[in-house]
Amino acid sequence: MTTLAIDIGGTKLAAALIDSNLQIRERRELPTPASKTPDALRAALYALIAPLQGQATRVAIASTGIIREGSLLALNPYNLGGLLHFPLVQTLKDLTALPTLAVNDAQAAAWAEYHALGGEYRDMVFITVSTGVGGGVVSEGKLLTGSGGLAGHLGHTLADPHGPVCGCGRVGCVEAIASGRGIAAAAEGALAGCDAKTIFSRAGQGDEQASRLIHRSARTLARLVADVKATTDCQIVVIGGSVGLAEGYLALVEHYLAQEPLAYHVELLAAHYRHDAGLLGAALLALGD
Ligand code: ADP
Ligand code: BMX
Ligand code: ZN
């Protein structure tokens with residue numbers, strides 16, 4: 001059994017062939033098209049999977065957005081160039097004629113990271129700090145998806161009632177401040193127009209504004225972690241995404257979490273599967289594990 005796993009993020013698309021002992025054989029990446037129309041995403045997905053699909057027996061998708069009845073419904077459409085709705089499972093079935101499942105990207109990554117912990121913890125939460133801020137909750141060994149797919153959308157909890165408007169329509173969501181897009185949106189002057197990756201490298205060169213923006217993100221994320229501890233009493237929080245995995249970021253979140261009262265402290269860990277957690281989680285769900 002070989003799974004064609006696909007990870008659809010706000011910035012990049014990834015696909016890989018994964019065998020039944022969870023080994024990645026081939027992996028490809030393309031940028032996510034920023035377009036309101038589903039056609040652009042369909043074309044990009046086709047270009048991504050065409051060299052791989054012939055070797056696969058099924059498709060497993062981890063995607064940004066609420067995944068409901070096989071379709072992607074954007075909670076924050078700005079992360080996808082304004083795209084509101086995309087028939088994920090139907091599109092991939094049409095392209096490959098293979099059995100296909102789809103799940104939210106952070107929920108999928110949570111499942112992979114839960115497995116990587118080897119049964120040591122029954123309650124864990126995964127948070128991705130990437131284009132947006134996503135989350136997946138495993139409670140008593142069970143992945144929570146919710147009745148409509150919304151469970152774990154931790155990036156859309158309140159960080160600051162006077163904060164920026166989030167693409168989901170709320171004011172002051174964690175995502176609007178802490179995510180890659182949130183970091184970039186707050187940049188001014190010499191950093192205006194830079195993406196989060198550039199802002200991290202400027203911070204490394206000693207730029208004070210860049211460093212302030214990263215601290216603001218990490219402080220906001222630490223408060224989210226404290227809220228998550230209070231809500232779930234999880235034993236561990238695993239952090240992923242390109243911002244979450246950036247050098248020094250997790251240490252900053254730990255620094256700010258240490259300033260919260262002891263009851264809200266929880267062990268933090270960088271994602272074991274790094275940038276492949278979503279791909280591997282979707283493959284695991286397809287295996288029924
Ligand atoms: P996706 O959201 O598509 O899953 P990523 O996890 O790569 O993709 O997150 C994309 C965000 O991470 C963008 O805001 C980008 O600027 C930022 N980013 C990418 N690489 C790095 C890096 N090395 N350090 C810090 N931020 C990064
Ligand atoms: C947004 C939301 C979540 C997603 C999270 C991380 C959309 C399109 N996405 O909060 O479903 O899990 O971003 O997504 O509404 P990523 O693209 O940053 O990986
Ligand atoms: Zn929001």
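As shown above, the structure is provided for reference.
Criteria and cut-off values
- Residues numbered from 1 in each chain as written.
- Chains lettered and ligands numbered in written order.
- Predicted model: local features only at pLDDT ≥ 70, side-chain atom pairs only at ≥ 80, totals over all residues.
- Heavy atoms only, no water.
- Helix = DSSP H or I, 4+ residues; strand = E, 2+ residues; numbered from the N terminus.
- Rg over C-alpha atoms; globule rule 2.2 N^0.38 Å.
- Contact = heavy atoms within 4.5 Å.
- Areas by Shrake-Rupley, 256 points an atom, 1.4 Å probe, with all protein chains shown as cover.
- Lys, Arg positive; Asp, Glu negative; His and termini not counted.
- Charge placed at Lys NZ, Arg CZ, Asp CG, Glu CD.
- Donors = N, O, S within 2.8 Å, 3.2 Å for Na, K, Ca; no water.
- Tetrahedral: all angles 85-135°; square planar, octahedral: opposite > 155°, others 65-115°.
- Buried < 20%, exposed > 50% of the residue type's maximum accessible area, 1.4 Å probe, protein only.
- 1 Å grid on protein atoms, 1.4 Å probe; cavity = no way out; pocket = protein on both sides within 12 Å on 5 of 7 lines; lining within 4 Å.
- Points joined across faces, edges and corners; volume = space filled by probe spheres on them.
- Nonpolar A, V, L, I, M, F, W, Y, C, P; charged D, E, K, R; others polar.

Participant: If you had to explain the overall build of the protein to someone new, which residues and values would you point to?
Facilitator: A count of helical and extended segments in the protein gives nine helices and 13 strands. Relative to a compact globule of 289 residues, whose C-alpha radius of gyration would be 19 Å, the protein shows 18 Å and is just as compact. Its C-alpha atoms put the protein at 50 × 45 × 35 Å along the principal axes. Restricting to contacts in the protein with at least 6 residues of sequence separation, those with at least 24 account for 63%. Summed over all atoms, the accessible surface of the protein reaches about 12400 Å², with 51% contributed by carbon and sulfur. For the protein, the separation between the mean place of its 21 positive charges and that of its 26 negative charges on side chains is 5 Å.

Participant: Which residues make up the coordination of the zinc ion (ligand 3), and what are the values?
Facilitator: The zinc ion (ligand 3) binds to the protein through His156 (ND1), Cys166 (SG), Cys168 (SG) and Cys173 (SG), with metal-donor distances spanning 2.1 to 2.4 Å. For the zinc ion (ligand 3), the four donor atoms in the first shell make angles of 105 to 120 degrees at the metal, so the coordination geometry reads as tetrahedral. The sequence pattern formed by the donor residues of the zinc ion (ligand 3) is H-x9-C-x1-C-x4-C. On the criterion of sequence distance, the pair formed by His156 in the loop between β11 (142–144) and α4 (174–178) and Cys166 in the loop between β11 and α4 is long-range, its members being 10 residues apart. Look at His156 and you get buried, because its relative accessible area is 10%. Overall, Cys166 belongs to the buried group, its relative accessible area being 6%.

Participant: Please provide a residue-by-residue account of empty space enclosed by the protein, values included.
Facilitator: For the coordinates displayed, the defined rule picks out one cavity of 30 Å³ or more. By volume, the largest cavity is sized at about 40 Å³. Taken together, Thr32, Pro33, Ser35, Thr37, Ala40, Leu41, Leu80 and Leu83 form the lining of the largest cavity. Residues belonging to the lining of the largest cavity are distributed by class as follows: five nonpolar, three polar and no charged.

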